[in-house]
Structure formats: C-alpha cells, structure tokens
Amino acid sequence: WISVVTVTIMALSLTSVSVLGLLGALSNEAMTRLQERIDVSVFLKPGLAEKDLVEAQKLAEAIPGVKNVEVTSADKALAEFQAKHKDNPLIAQALTELGANPLGASLTVRAISEKEYPDILKALQGEAFKDIIQEAHFDDYRQVIQNLSQLSDRLTFAAECASGFFLLIALLVVFNTIRMNIYTHREEIGIMRLVGGSNWFIRAPFLVESILYAFLGTLLTMGIFFVMLALLQPYVSGFFGDSRFNLVYYFTDRMWWFFGAQFVAASLLSILASTI
C-alpha cells in the first residue's frame, strides 16, 4: 500500500508537469493564430495604373522581414465595401451619385514575425512609397498578443510552482517509502552483511525499486494525461474555431521525448531519495 501511494503521488507530480507542457502548447498555438492575423494595411492613392500596383507590390515584398504581400484592386475594394454596407441605402445612394469609384487599391503586408512590423511600417513611410501610398496602419492585434503573452507567463509560473511543490512531495514520499522498506528488511540486510554482502549488493534492489516507482508513475501519468486531452479537445476546437489543432495528435507525436524526459527526471529524483 505504501508503494501504491508512492506511485500515485509520483503520477500526480508528473501530471502537474504535463499540464505545464499543455499550457505551453495551447499558448503557443494561440500566439501563432493571432500572429497570422496581424498585418499592415497599406491604402494606395486612387487612380493608380495596373503597372503601379505591380511596382508597389514588388517594392513592399523587397522590404526585409516581409513574408508576403496581397494586392486588392480598387474594383475589388469597392465590391467588398458595397457587400459590407449592402443594408445601408444612404451609402448605396452616395456611391450612385458619385458615379465613380472613390476607393483606391490596397496592399496587405504580412511579416515573418510580429517584431518586424515597426521596421516595415517605417520603410513604407519612406521616400520610395511617398507618391503611391495614401495611408498605412496596423490591424491592432498587438495588444491582444501582449495580453495573451502575459497571461501565458502567469499561468506558466503558477504551473511551475505547483509542479515544484508536487515534485518535492514525491521526493519526500519516495524517501520515506525506501526508508520504511529498509527498516522492514533490516534483518535480511543484517544477514547479508554477515555473509559478506557488499554495499552495492544490498543497495541495488532499493535503487531499482525507486526507478520502478518512476516508471509506473510515468505510465499512470500517460494514461491520465491522454484522457484529459481527449476531454479537452472539443473545447479547444471550439476555442480556435476549427479542428486543425488536435491536442491528442500533438502530444502523440511528441510522446517519447515528452514522457521520456519526465521518466528520466523522476528516476533521478527517486535515485537521489533512495541514495540518501
């Protein structure tokens, strides 16, 4: 029963560490999704010829840190504007009275990472674009990313504290379990001493026992963790709006190093407790 308690405490400790990895995976995916939606909207002056649009696109693509550039023509911009305000008769009437397209073409510039945007915006405000650009601004997802990053850091810190607390408990429980086992087998140990048993011969079974605790604890953690992932997946799909990110597949692909590292860490802790 002491061994059962030891394995359970070990599994709880490793589960808290696994939850830390889960939080990291979720925050990274959320950051990636938001970064995909950040862009610089560049509104070009009305009346530009097609060759000017192509030239503007090439100039934007040549800026360091730019991932891709999409061009929206003036006609497409007008069609999108009309579709967006189709229920507003005043806007439709105003466009009819104008008799011409008041909108210009635009560029949507996306960077390799969010850190590149200030430099890209600075380049777009330079001399090369002065005669063709009317206005350029960020779609303001930056604050959302900042807030998410701060929340992720706080959750990670809380999970690290919980993991450290559980691992300390696991260390003490393994220590106490091995100590109890040594006390229980004190007569056998005394006989082994009398017949010439070496220190290694006597200690090795207890070290192997501590590694078995780590191994069984890791197996139990895997079972608990994958059940948890299966239960969480519908909520994750609902949060991200699709099923592109699957937690079960994500951790299955990384299972050997993810749980292997936990087993090694738990074994080292158990061996430390046993050695003491």
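Since the model is a prediction, treat every value here as computed from it, not as a measurement. Residue positions within a chain follow its written sequence, with the count starting from 1. A pLDDT threshold of at least 70 governs which residues receive local features in this predicted model, and a stricter bar of 80 or more applies before side-chain atom pairs are shown or counted, although totals over entire chains, interfaces and linings include all residues. Only hydrogens and water are set aside; all other atoms, that is, all heavy atoms of the structure, feed into the side-chain values.

Colleague: Describe the overall build of the protein chain, listing the residues and the values that go with them.
Modeller: Elements are defined by DSSP. Helices are runs of H or I of four residues or more, strands are runs of E of two residues or more, and each kind is numbered from the N terminus. Tallying secondary structure elements over the protein chain gives 10 helices and four strands in all. Along its sequence from the N terminus, the protein chain presents helices and strands in the succession α-β-α-β-α-α-β-α-β-α-α-α-α-α. Atoms counted for the radius of gyration: C-alpha only. Globule rule: 2.2 Å times the number of residues to the power 0.38. The C-alpha atoms of the protein chain give a radius of gyration of 31 Å, which is well past the 19 Å a tight globule of 276 residues would have. Viewed in the frame of its principal axes, the protein chain has a C-alpha envelope of about 105 × 40 × 25 Å. In the protein chain, buried positions account for 33% of the 276 residues. As displayed, the protein chain offers around 17000 Å² of accessible surface, 63% of which is attributable to carbon and sulfur atoms. Under the convention used here, Asp and Glu are negative, Lys and Arg are positive, and both His and the chain ends fall outside the count. Here the site of a charge means atom NZ of a Lys, CZ of an Arg, CG of an Asp or CD of a Glu. Across the protein chain, the centroid of the 21 positively charged side chains sits 7 Å from that of the 27 negatively charged ones. Per-residue accessibility, obtained with a 1.4 Å probe over protein chains only, is compared with the maximum for each type, and a residue is labelled buried under 20%, exposed over 50%, and partly exposed between these values. Every accessible area reported is derived by Shrake-Rupley at a probe size of 1.4 Å, with residue values counting cover from the shown protein chains alone.

Colleague: With reference to specific residues and values, describe the environment of Met228.
Modeller: Tracing the backbone shows Met228 in helix α8 (residues 199-240). Met228 sits 36 residues away from Met192 along the chain, and the two C-alpha atoms are 47 Å apart. Once residues within four sequence positions are removed from consideration, Met228 is found in contact with Thr15, Val19 and Leu22. The contact rule is simple, with two residues in contact once any of their heavy atoms fall within 4.5 Å.

Colleague: Outline the pairing of strand β3 (residues 106-111), supporting the account with residue identities and numerical values.
Modeller: Taking burial as the measure, the six residues of β3 include five buried ones, the bulk of the element. Here four bridges tie strand β1 (residues 40-44) to β3, and the two strands are oriented antiparallel to one another. Paired with Val42 across the two strands is Leu107, which belongs to β3. Note on pairing: two strands pair once DSSP finds at least 2 bridges between them.

Colleague: So, the environment of Ala158: which residues are in play, and what are the values?
Modeller: Tracing the backbone through its elements, the reader meets Ala158 in helix α6 (residues 142-184). For the pair formed by Ala158 and Leu26, sequence separation is 132 residues and the distance between their alpha carbons is 15 Å.

Colleague: Now, about α8: what can you tell me, with residues and values included?
Modeller: By this rule the span expected of a helix is its residue count minus one, scaled by 1.5 Å. Between its first and last C-alpha, α8 extends 58 Å over 42 residues, near the 62 Å set by a 1.5 Å rise per residue. Taking the largest bend as the criterion, α8 deviates by roughly 40°, centred on Leu232, and proline Pro234 comes between one and four positions later. Trailing α8 by a residue or two, Gly241 shows a phi angle of about 85°, which is positive. In this analysis the local bend is the angle between axes fitted, respectively, to the seven residues ending at and the seven residues starting at the residue.

Colleague: An account of the nonpolar core is requested, with residue identities and associated values reported.
Modeller: Among the nonpolar cores identified, the biggest contains 21 residues, and Val42, Leu44, Leu107, Val109 and Leu124 are the most heavily contacted of them. Secondary structure elements with two or more residues in this core: β1, α2 (50-61), β2 (66-72), β3 and α5 (117-124). The leading source of residues in this core is α5, at four residues. With residues near it in sequence (within four places) discarded, Leu124 still touches Val40, Val42, Ile63, Phe129 and Ile133. Throughout this description, the term nonpolar core refers to a set of buried Ala, Val, Leu, Ile, Met, Phe, Trp, Tyr and Cys residues connected via side-chain atoms within 4.5 Å.

Colleague: Could you give an account of the packing of α8 against helix α10 (residues 255-275), with specific residues and numbers?
Modeller: One can describe the packing of α8 onto α10 by two numbers: an axis separation of 8 Å at closest approach and a directional angle of 145°. For α8 against α10, the interelement crossing comes out right-handed. Within the contact between the two elements, α8 uses Phe206, Leu207, Ser210, Ile211, Ala214, Phe215, Thr218, Thr221, Met222, Phe225 and Phe226 and α10 uses Met255, Phe258, Phe259, Gln262, Phe263, Ala266, Ser267, Ser270, Ile271, Ser274 and Thr275. Polarity classes work like this: nonpolar for Ala, Val, Leu, Ile, Met, Phe, Trp, Tyr, Cys and Pro, charged for Asp, Glu, Lys and Arg, and polar for all others, with Gly in that last group. Partitioning the contact of α8 with α10 into residue classes produces 14 nonpolar, eight polar and no charged. Interaxial angle, 0 to 180 degrees, is taken between N-to-C directions of lines fitted to C-alpha atoms, where a helix line uses only the stretch in contact. Crossing handedness is read from the near helix: turned anticlockwise from the far helix by less than a right angle, it gives a left-handed crossing, and turned clockwise, a right-handed one.

Colleague: Describe in detail the side chain of Thr108, supporting the description with residues and values.
Modeller: Within the element layout of this structure, Thr108 appears in strand β3. In this view, Thr108 contacts Asp39, Val40, Asn68, Val69 and Glu70; residues no more than four positions away in its chain are not counted.

Colleague: Residue-level account of a nonpolar patch on the surface, with values.
Modeller: Exposure above 30% relative accessible area and the lack of any salt bridge qualify a residue for a patch; like charges then connect within 9 Å, and the nonpolar side chains Val, Leu, Ile, Met, Phe, Trp and Tyr within 5 Å. A pairing counts as a salt bridge when a side-chain nitrogen of Lys or Arg comes within 4 Å of a carboxyl oxygen of Asp or Glu. Taken together, Val208, Leu212, Phe215, Leu216 and Leu219 make up a surface patch of nonpolar side chains, about 440 Å² in accessible area. Note on placement: Leu219 falls in helix α8. Overall, Leu219 belongs to the partly exposed group, its relative accessible area being 43%.

Colleague: Explain the packing of helix α1 (residues 2-37) against α8 residue by residue, including any values.
Modeller: At a minimum axis separation of 7 Å, α1 and α8 run at an interaxial angle of 35°. In this structure, the crossing between α1 and α8 has a hand that is right-handed. In terms of residue class, the contact of α1 with α8 is built from 19 nonpolar, seven polar and three charged.

Colleague: Quick rundown of the packing of aromatic side chains? Include the residues and the values.
Modeller: Ring pairs are drawn from Phe, Tyr and Trp, using the six-membered ring of Trp, whenever the two centres fall within 6.5 Å, and their geometry is named by plane angle: stacked under 30 degrees, edge-to-face over 60, tilted for the rest. Scanning the model with the defined rule gives 10 aromatic pairs in all. Centre to centre, the rings of Phe226 and Phe259 are 6.0 Å apart; their planes meet at 40°, and the pair counts as tilted. Here Phe259 lies in helix α10 and Phe226 lies in helix α8, a separation of 33 residues in the sequence. The same class applies to Phe226 as to Phe259, namely buried. Between the aromatic rings of Trp257 and Phe258, the centroid separation amounts to 6.0 Å while the plane-to-plane angle is 85°, which identifies the pairing as edge-to-face. Trp257 sits in the exposed class, given a relative accessible area of 57%.

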